[in-house]
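One letter stands for each residue in the lines below.
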Amino acid sequence: MSCGELRLALAGCGGVVKRYRGAYAGIAGARVVAAVDANLAEAQAAASELGAGVASTDFADALRDEVDAVLISTPNHLHAEHATRALRAGKHVLLQKPMARTVAECEEILRARDASGKSLGLYMNLLDHPLFRDLRRLVEEGYLGRVALFSARLAHRGGLQWGGVGQNWRASRAQTGGGSFIQLGVHYQHLMRWLLGQTIVRSQAMGTNFACPHLEGDDLMLVQYQLSGGSLGEIQTSWCCQEEHVSLLGTKGSFHYRDNQRVEFFSECGPFEGEVLRMLGDGSLETMPQLLAPEWDDAANRFNQHRRFVENVLAGEAPEVSGEEGLEDVRVVEECYAQVEGARG
Ligand SMILES: NC(=O)c1ccc[n+]([C@@H]2O[C@H](COP(=O)([O-])OP(=O)(O)OC[C@H]3O[C@@H](n4cnc5c(N)ncnc54)[C@H](O)[C@@H]3O)[C@@H](O)[C@H]2O)c1
């Protein structure tokens, strides 16, 4: 690592990277020096946009001497291989969710991290959103009272359009580690634990393939949770319908966030002045906010997870989302899939 600068390699330059890579043009102390993708055109497009000197199809180029940290955004089945190789080469790693397909793979990554002494962060883009910072404060400071119920739904119709195995890695259970739940459920399962400050004590899962026979895994899943503080949770995921929501119901208030923009919020405690939410003394919102999630490449957003990773590594601080947190998400996912398989007999 040169003084005050983190030189990065992008490993995987596909769909999600196109959404976030622009952030690196605006993060102080970050410089992308290499872009690697199995598809050379994708690597070249990323390298050209960011002024990186290396565009390659060979993962070894992400491990060159001039690279300090590798951002891994390859399909799930490559996370363990790519993260362990990068850590063993002495690179810091920021890894896309889910951390890996299985607990065993996550543990392998953690062993490589511990042996390397390098930083391993997990990229959870929901934490970019100032709204969830406010929500966490609302919970911590008691504005909702005791949170009885957390519920979230993340449903994308993408699965109806994708090709099957061999055409899209998301269709393959071997490549994803499951279906809609490992891809989508980890977001809100993570958010639930982070917002409520509780661990998952027990989960109860039902999953099926409802409308996407070309996908091997679930396109519809429903999981209920018992949490360490006594709260109950429920998360639904789907690749065949469309909607997003997050709801918290507490003894003194409630919060609802719908379709990535609309917030309804009530609390008998107030006033509250947050990052983006403002509540008057009578418990009503000052306005009914239309809250768009921040762009993934918004480097000016101080909660941007890429910016946070760079800042943390340069300051010698722990990453915002640790590998242990990633493993915990995958542990519950694995448990849920075992229940679904068990029910199938
Ligand atoms: N945080 C989020 O909300 C979010 C959203 C989408 C995807 N993701 C995660 O990001 C990862 C990538 O997803 P995506 O949507 O960008 O997929 P994608 O299929 O669009 O892109 C994956 C890229 O990896 C490349 N690739 C495949 N094998 C490779 C190899 N051996 N070496 C180098 N490159 C290789 C492909 O050519 C492709 O360009 C997945 O783990 C996914 O779960 C996270």
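Cut-offs applied
- Residues numbered from 1 in each chain as written.
- Predicted model: local features only at pLDDT ≥ 70, side-chain atom pairs only at ≥ 80, totals over all residues.
- Heavy atoms only, no water.
- Near = heavy atom within 4 Å.
- Polar contact = N/O pair within 3.5 Å; in protein donor to acceptor, adjacent residues only side chain to side chain.
- Areas by Shrake-Rupley, 256 points an atom, 1.4 Å probe, with all protein chains shown as cover.
- 1 Å grid on protein atoms, 1.4 Å probe; cavity = no way out; pocket = protein on both sides within 12 Å on 5 of 7 lines; lining within 4 Å.
- Sits in = over half its atoms within 2 Å of the grid points.
- Helix = DSSP H or I, 4+ residues; strand = E, 2+ residues; numbered from the N terminus.
- Nonpolar A, V, L, I, M, F, W, Y, C, P; charged D, E, K, R; others polar.
- Domains from an automatic or database assignment.
- Pairing = 2+ DSSP bridges.
- Axes fitted to C-alpha atoms, helices over the stretch in contact; angles between N-to-C directions.
- Contact = heavy atoms within 4.5 Å.
- Buried area = accessible area lost by both parts, 1.4 Å probe.
- Points joined across faces, edges and corners; volume = space filled by probe spheres on them.
- Patch = residues over 30% accessible without salt bridge, like charges linked within 9 Å, V, L, I, M, F, W, Y side chains within 5 Å.
- Salt bridge = Lys/Arg side-chain N within 4 Å of Asp/Glu carboxyl O.
- Buried < 20%, exposed > 50% of the residue type's maximum accessible area, 1.4 Å probe, protein only.
- Parallel < 35°, antiparallel > 145°, perpendicular 65-115°, else oblique.
- Left-handed = near helix turned anticlockwise from the far one by under 90°.

Caption draft 1: Highlighting the site of the ligand. For the ligand, the set of nearby residues contains 23 residues, the closest of which are Gly-15, Asp-37, Asn-76, Gln-96 and Arg-170. Here Val-16 contributes a backbone N or O atom positioned 2.9 Å from an oxygen atom of the ligand. A total of 840 Å² of accessible area belongs to the ligand in isolation, and the protein chains cover 80% of it. With respect to the detected pockets, the ligand is housed in the largest pocket. For the shell around the ligand, the secondary structure elements donating two or more residues are helix H1 (15-20), helix H3 (79-88) and helix H7 (180-196). Tallied by class, residues from the shell around the ligand come to eight nonpolar, 12 polar and three charged. Residue contributions to the shell around the ligand reach at least three from each of two domains, namely domain 1 (6-126 + 301-321) and domain 2 (130-295 + 329-344).

Caption draft 2: Examining the sheet that holds strand S11 (residues 243-250) more closely. An order of S8-S9-S10-S7-S11-S12-S13 is seen for the seven strands of this open sheet, with the pairing classed as mixed. Only two strands of the sheet have a single neighbouring strand rather than two, namely strand S8 (200-208) and strand S13 (262-267). For this sheet, the mean angle separating the axes of adjacent strands, direction not counted, is 5 degrees. The pairing of strand S9 (residues 220-227) with strand S10 (residues 232-238) spans seven bridges and is antiparallel. The partner of Met-221 across the bridge, within S10, is Thr-237. Its contacts with the sheet place helix H5 (residues 130-140) against strand S7 (147-155), S11, strand S12 (253-258) and S13, and it is angled at close to 165 degrees to S12. Set on the sheet, helix H9 (residues 323-344) makes contact with S8 and S9; between it and S8 the angle comes to about 45 degrees.

Caption draft 3: Region of the structure containing the domain arrangement of the protein. The domain architecture assigned to the protein consists of domain 1 (6-126 + 301-321) and domain 2 (130-295 + 329-344). The centre of domain 1, based on its C-alpha atoms, is set 25 Å off from the matching centre of domain 2. With 21 residues of domain 1 in contact, the opposing surface of domain 2 contributes 20 residues. For the pair domain 1 and domain 2, the two sides together bury roughly 1800 Å², of which 59% comes from carbon and sulfur. Ranking the residues of domain 1 by area buried against domain 2 places Lys-97, Leu-126 and Phe-303 at the top, with a combined share of 31%.

Caption draft 4: Structural detail: the layout of surface pockets. Estimated volume of the largest pocket: approximately 1200 Å³. Lining the largest pocket are 46 residues, with Gly-15, Val-16, Arg-19, Arg-170 and Trp-296 sitting closest to its centre. Mapped onto the lining of the largest pocket, the elements with two or more residues apiece are H1, H3 and H7. Top element by residues in the lining of the largest pocket is H7. It accounts for four residues. Looking at the lining of the largest pocket residue by residue, the class counts come to 21 nonpolar, 17 polar and eight charged. Each of domain 1 (6-126 + 301-321) and domain 2 (130-295 + 329-344) gives at least three residues to the lining of the largest pocket.

Caption draft 5: Inspection of a nonpolar patch on the surface at higher detail. Residues Leu-149, Leu-232 and Leu-249 make up a contiguous nonpolar surface patch of roughly 240 Å² in combined accessible area. Turning to its location among the elements, Leu-149 is positioned in strand S7.

Caption draft 6: Fine view of unusual backbone geometry. Put simply, Lys-97 and Pro-98 share a cis peptide bond, and its omega is -15 degrees. Following the sequence through the fold, Pro-98 ends up in the loop between strand S5 (92-96) and helix H4 (103-116). Here the residue pair Gly-270 and Pro-271 is connected by a cis peptide bond, since its omega of -5 degrees sits within 30 degrees of zero. Mapped onto the elements of the fold, Pro-271 is located in the loop between S13 and strand S14 (272-273). In this structure, Asp-259 is a non-glycine residue whose phi angle is positive, near 45 degrees. With respect to the helices and strands, Asp-259 occurs in the loop between S12 and S13. Since its relative accessible area comes to 41%, Asp-259 is described here as partly exposed.

Caption draft 7: Geometry of the packing of H4 against H9. Contact geometry of H4 with H9 gives a least axis separation of 9 Å together with a crossing angle of 165 degrees. By the angle between their directions, the pair H4 and H9 is classed as roughly antiparallel. Here the hand of the crossing between H4 and H9 comes out left-handed. Every residue of H9 that contacts H4 at Val-103, Cys-106, Glu-107, Leu-110 and Arg-113 is listed here: Gly-323, Glu-324, Leu-327, Val-330, Arg-331 and Glu-334. Looking at the contact of H4 with H9, its residues break down into five nonpolar, one polar and five charged.

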